[in-house]
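One-letter residues, chain by chain:
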Amino acid sequence: MALARAARSSFFRSRDSIPCYSCGKDMLFDVGQTQRLLPSLESITSGGNLSHFSGTRKVDIASFGSRGIRISSQYQSPYAERVVEESDSEHDSPNFPGLEATKPGEKPRVVVLGTGWAACRFLKGLDTKIYDVVCISPRNHMVFTPLLASTCVGTLEFRSVAEPVSRIQSALATEPNSYFYLATCTGIDTNKHEVCCETVGKVGLPHEPYRFRVAYDKLVIAAGAEPLTFGIKGVKENAFFLREVNHAQEIRKKLLLNLMLSENPGVSEEEKKRLLHCVVVGGGPTGVEFSGELSDFIVRDVRERYSHVKDYIQVTLIEANEILSSFDIGLRQYATNHLTKYGVRQVRGVVKEVDAKKIVLSDGTDIPYGLLVWSTGVGPSEFVKSLNLPKSPGGRIGVDEWMRIPSAEDVFALGDCAGFLEQTGKQVLPALAQVAERQGKYLVELFNRIGKENGGKAWSGKDIRMGEPFVYRHLGSMASVGRYKALVDLRQSKDAKGISHAGFMSWLIWRSAYLTRVVSWRNRFYVAVNWATTLVFGRDNSRIG
């Protein structure tokens, strides 16, 4: 051992940075001032075995406490080079703080990654008499996304569409072995049944970024997806997305800021037109509903409260093909005519580049803008891409008919981050809230049954019958287009026959359906009161922050 230590000391006299891989993350530790502490490598290891090099790492002394690294006492002089001895197993699984594996007699632990539609439906139905549950997510709430566009213009308050996850599953706040962690998952060790996590933000914890690990008996990956930008230059830097409550808050602040700045003296006519030009890219339900809310806001509120600039504000909807392509052709035409009637200009084109003040289309057309909202669908997140798991067509995590990942025991995936593998013979389902919710409901019923049959512990579910596979049946689609009008398409598929309707009655159905789907009675009350307040008094145009 002494010879090996001496060999390592000589080997690491270089001043290079040496990578240390931990939980899928790559950290660089700079090697400090070095000194010759032992005789040279050649004189000590002549004819020796240098196989121990693979277990050697050099790290910053400040990181020792949280990683369980051992230091040879003879190297603890402040002027000496720190040489760290790690075995391969120590390197693969750093001694991060965290939750250890459950012991015999304890309830099995289910770890859920995410707080979206799929994750929260799963959490809501999980039997906590059978399982302990740990939820890990960078946000502590679920977003009711169908009503998110309404918050951008003040139709609803932001809290009306956000439901704390501890209200969805009370065990996270009350049970001694169930927890919610505000963190992101950085890696999964399926062999050791562990996830590695990193806390959100820098708040002065002992080590930042602060990392920890959580052992699981069953793992449910419901980490969602990210907005698709198609690699178009300037989108991430200049556009707003509409997926989270903070996205809606930023859109609202920008919209009201532009309205107020355009009234300042000395602002040119051209600059007013640019500031008050709201561009929406993407003609799906989110893009159309946001355009409808904007046009409603302009017609009813802007013309009354910003009369000096009311003639300058304009909304443009850019779509490469047809808007609402999954809806009935008659409904698509109705939406097109209605949006045009209330001032939404529709442009068919492909965005080539996005600058700070203008959009460049593929045909060379420049479109100046003051607010740009990007809503062109979603795709796999960087976290999903980084996982060494089988992928379905489109890059999602590949699952079988029971939402299992075949190559990883006790690991399941659902929602926007999961898709059926090709060998299942099923198509990848669309990234819709009702798909994710239905998958969450199916999987939690499966988990509760498995738990009752003593299959909740790690490696214990192999001999338990899984039951019927997941089957998705589309219930239909709805979209609001503003001014008390909406579309309701109850066909089960794009080519199937069924009921489709547009107009005021559809708007009542749209509002009633979403009011009943809001997660809690508290938020249903908020939504109903907000709608009534807006109807009577108009939208709030206060800019806070």
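**Observations concerning the overall build of the protein chain**
Across its full length, the protein chain carries 17 helices and 29 strands. Taken over 545 residues, the protein chain has a buried fraction of 49%. Of the contacts made within the protein chain by residues no fewer than 6 positions apart, 67% connect residues no fewer than 24 positions apart. Surface accessibility of the protein chain: about 26,200 Å² in total, with carbon and sulfur atoms responsible for 51%.

**As for the packing of aromatic side chains**
With the rule as written, the count across this model stands at eleven aromatic pairs. With 5.1 Å between their ring centres and 90° between their planes, Phe122 and Phe447 make a pair best called edge-to-face. In this pair, Phe122 sits in helix α5 (residues 117-125) while Phe447 sits in helix α15 (residues 433-452), placing the two residues 325 residues apart along the sequence. On the basis of relative accessibility, which here comes to 0%, the residue Phe122 falls in the buried class. Taking the centre distance of 5.7 Å and the plane angle of 10° together, the rings of Tyr179 and Tyr181 count as stacked.

**Observations concerning the pattern of salt bridges**
Evaluation of the coordinates by the stated rule reveals 24 salt bridges. Its salt-bridge partner being Glu382, residue Lys385 comes within 3.5 Å of it at the nearest N-O pair. Separated by three residues within a single helix, Lys385 and Glu382 lie in helix α14 (residues 382-386), roughly one turn from each other. Residue classification places Glu382 among the partly exposed positions, given a relative accessible area of 48%. In this structure, a network of salt bridges that share partners links the residues Glu293, Asp296, Asp301, Arg305, Arg483 and Arg539.

**Structural notes on a nonpolar patch on the surface**
Among the surface-exposed residues, Phe504, Met505 and Leu508 lie close enough to one another that they form a single nonpolar patch of about 280 Å² accessible area. Note on placement: Leu508 falls in helix α16 (residues 504-517). Residue classification places Leu508 among the partly exposed residues on the basis of a relative accessible area of 34%.

**Focus: helix α13 (residues 329-341)**
The end-to-end C-alpha distance of α13 is 18 Å, a good match for the 18 Å that 13 residues give at a rise of 1.5 Å each. Of all the positions in α13, only Leu331, Arg332, Ala335, His338 and Leu339 are classed as buried. The buried residues of α13 occupy an angular sector of 135° when the element is viewed end-on, so they sit on one face. In α13, those exposed residues whose orientation departs by more than 90 degrees from the buried face are Ile329 and Lys341. At its buried positions, α13 is contacted by α12 (285-305), β17 (314-319), β18 (344-348), β27 (477-482), β28 (485-489) and β29 (500-503). Near the N-terminus of α13, the side chain that reaches the backbone nitrogen of Gly330, with its oxygen 2.9 Å away, is that of Asp328. Gly343 lies just past α13 and shows a positive phi near 90°.

**Topic: the packing of α16 against helix α17 (residues 521-537)**
Close contact between α16 and α17 brings their axes to 9 Å; oriented N to C, the two are set at 150°. When the axis of α16 is compared with that of α17, the two are roughly antiparallel. Seen from above, α16 lies across α17 with right-handed handedness. For the pair α16 and α17, contact is made by Arg511, Leu515 and Thr516 and by Arg524, Val527, Ala528 and Trp531, respectively. For the contact of α16 with α17, the class distribution of residues is four nonpolar, one polar and two charged.

**Digging into the sheet that holds strand β11 (residues 179-189)**
In space, the eight strands of this open sheet follow the order β6-β13-β12-β11-β8-β7-β14-β25, with mixed pairing throughout. Two strands bound the open sheet, and with one partner strand each, they are β6 (98-99) and β25 (411-413). Here α5 sits on the sheet and contacts β7 (109-113), β8 (132-137) and β14 (218-221); the angle it forms with β7, its principal contact strand, is near 155°. Contacts between α15 and the sheet are confined to β7, β14 and β25, with β14 contributing the most and set at about 175° to the helix.

**Comments concerning the side chain of Asp132**
By the secondary structure assignment, Asp132 is in strand β8. At 3.4 Å, the side chain of Asp132 forms a polar contact with the side chain of Lys107. Beyond its immediate stretch of four places on either side in the chain, Asp132 contacts Lys107, Pro108, Arg109, Val110, Asn177 and Ser178.

**Some thoughts on α16**
Counted at 1.5 Å a residue, the expected span for α16 with its 14 residues is 20 Å, and the 20 Å between its end C-alpha atoms agrees. Contacts from the buried residues of α16 go to α12, β27, β28, β29 and α17.

**Observations concerning the environment of Ser170**
Position of Ser170 among the secondary structure elements: in the loop between α7 (165-168) and α8 (171-174). It is 8.7 Å that separates the C-alpha atoms of Ser170 and Lys124, two residues lying 46 residues apart in sequence.

**Some words on the pairing of β18**
Bridge analysis of β17 against β18 gives five bridges, and the strand direction is parallel. Pairing of Val315 across the sheet is with Val344, part of β18. Handedness of the crossover joining β17 and β18 through α13: right-handed.

**Looking at the confidence of the model for the protein chain**
The pLDDT averaged across the protein chain works out to 85; a share of 83% of its residues lies at or above 70. Every residue in residues 1-22 is under pLDDT 50, and counting partners more than four places away or in other chains gives 64 contacts. Per-residue pLDDT stays below 50 along residues 24-93; that stretch engages in 137 contacts with residues further than four places along the chain or on separate chains.

**A word on the nonpolar core**
Counting residues in each nonpolar core, the largest one holds 115 residues, and the members touching the most others are Leu147 and Ile221. It is α15 that contributes the most residues to this core, eight residues altogether. In contact with Leu147, other than residues within four places in its own chain, are Leu156, Val161, Trp510, Tyr514, Val518, Val527 and Trp531. Formed by 16 residues, the second largest nonpolar core is a distinct cluster that contains Val235, Val279, Val351 and Val354.

**A few points about the pairing of strand β20 (residues 358-361)**
Looking at chain direction, strand β19 (residues 351-354) and β20 are connected through three bridges and run antiparallel. The residue of β20 that forms the bridge with Glu353 is Val360. Hairpin connection between β19 and β20: a loop of three residues separates the two successive antiparallel strands. In this structure, β20 lies alongside strand β21 (residues 366-368), joined through three bridges in antiparallel fashion. From the neighbouring strand, Ile359 faces β21, where its bridge partner is Ile367. The hairpin formed by β20 and β21 contains four residues between the paired strands, and Gly364 there has a positive phi angle of roughly 95°.

Cut-off values and rules
- Residues numbered from 1 in each chain as written.
- Predicted model: local features only at pLDDT ≥ 70, side-chain atom pairs only at ≥ 80, totals over all residues.
- Heavy atoms only, no water.
- Helix = DSSP H or I, 4+ residues; strand = E, 2+ residues; numbered from the N terminus.
- Buried < 20%, exposed > 50% of the residue type's maximum accessible area, 1.4 Å probe, protein only.
- Contact = heavy atoms within 4.5 Å.
- Areas by Shrake-Rupley, 256 points an atom, 1.4 Å probe, with all protein chains shown as cover.
- Phe/Tyr/Trp six-rings, centres within 6.5 Å; stacked < 30°, edge-to-face > 60°.
- Salt bridge = Lys/Arg side-chain N within 4 Å of Asp/Glu carboxyl O.
- Patch = residues over 30% accessible without salt bridge, like charges linked within 9 Å, V, L, I, M, F, W, Y side chains within 5 Å.
- Expected span 1.5 Å × (residues − 1).
- Arc of directions from axis to C-beta.
- Polar contact = N/O pair within 3.5 Å; in protein donor to acceptor, adjacent residues only side chain to side chain.
- Axes fitted to C-alpha atoms, helices over the stretch in contact; angles between N-to-C directions.
- Parallel < 35°, antiparallel > 145°, perpendicular 65-115°, else oblique.
- Left-handed = near helix turned anticlockwise from the far one by under 90°.
- Nonpolar A, V, L, I, M, F, W, Y, C, P; charged D, E, K, R; others polar.
- Pairing = 2+ DSSP bridges.
- Right-handed = clockwise from strand over helix to strand, strands pointing away.
- pLDDT = per-residue confidence, 0-100.
- Core = buried A, V, L, I, M, F, W, Y, C linked by side-chain atoms within 4.5 Å.

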